[in-house]
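Tertiary structure, described
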Amino acid sequence: MQLAELAKPQDISVLLIEDSSGDATAITKAMIYGESLYNFNITRKDCLAEGLGFLDSAQVDVLLLDLNLPDAKQLKAIDEVHGLFPDLPIVVISGYSDMDIVHRALHSGAQEFLVKGECSGVAIRQSIYQAIARKKIEQSYKRGDKL
């Protein structure tokens, strides 16, 4: 990639699976407020089933996932998404802050874990960038590419 390409705004398609409209609004506002080389196209779904249906029919660059959904509690959501879409970067954004949950989420397939109310828009955007980069590196490694 050329230096000039890095300076061009790029679009990142984000699926936010979050059942709380207040939390979804806060997360969305935090993401779009501030400087970024990226334009975030955010789609929100209220439950895991709706999110999985959307993923079946749409191209998504990254998933922002709550762990307390009406149809999936704690790690069930990560397990289902990762099982069906193993190449999709997952950023968990949850009210859980227990380190055991954090470690289990990362071990189950999430690339990043953020705690609601403790992260800024900058932190959310940075986690998205890092999750996408980590997933690309993981895919390259699995293909046997030299890094």
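Heads up: these notes are all about the structure in this document. (Residues numbered from 1 in each chain as written. Predicted model: local features only at pLDDT ≥ 70, side-chain atom pairs only at ≥ 80, totals over all residues. Heavy atoms only, no water.)

What follows is about the sheet that holds strand 6 (residues 90-94). What the 5 strands build is an open sheet, ordered 2-1-3-6-7; its pairing is parallel. Here the strands that pair on one side only, and so sit at the sheet edges, are strand 2 (38-45) and strand 7 (112-115). Each strand of the sheet is rotated relative to its neighbour by a mean of 25°, with strand direction disregarded. Direction of pairing for strand 1 (residues 10-17) relative to strand 3 (residues 62-65): parallel, over a ladder of 4 bridges. Counterpart to Val14 in the pairing with strand 3 is Val62. Along the sheet face, helix 2 (residues 21-32) touches strand 1, strand 2, strand 3 and strand 6 and points at about 170° away from the line of strand 2. (Pairing = 2+ DSSP bridges. Helix = DSSP H or I, 4+ residues; strand = E, 2+ residues; numbered from the N terminus. Axes fitted to C-alpha atoms, helices over the stretch in contact; angles between N-to-C directions. Contact = heavy atoms within 4.5 Å.)

Here we take up the pairing of strand 3. Across the two faces of strand 3 the burial is the same, with Val62 and Leu64 and Leu63 and Leu65 all buried. By the bridge criterion, 3 bridges tie strand 3 to strand 6 in an arrangement that is parallel. Looking at strand 6, one finds that Leu64 is bridged to Val91. (Buried < 20%, exposed > 50% of the residue type's maximum accessible area, 1.4 Å probe, protein only.)

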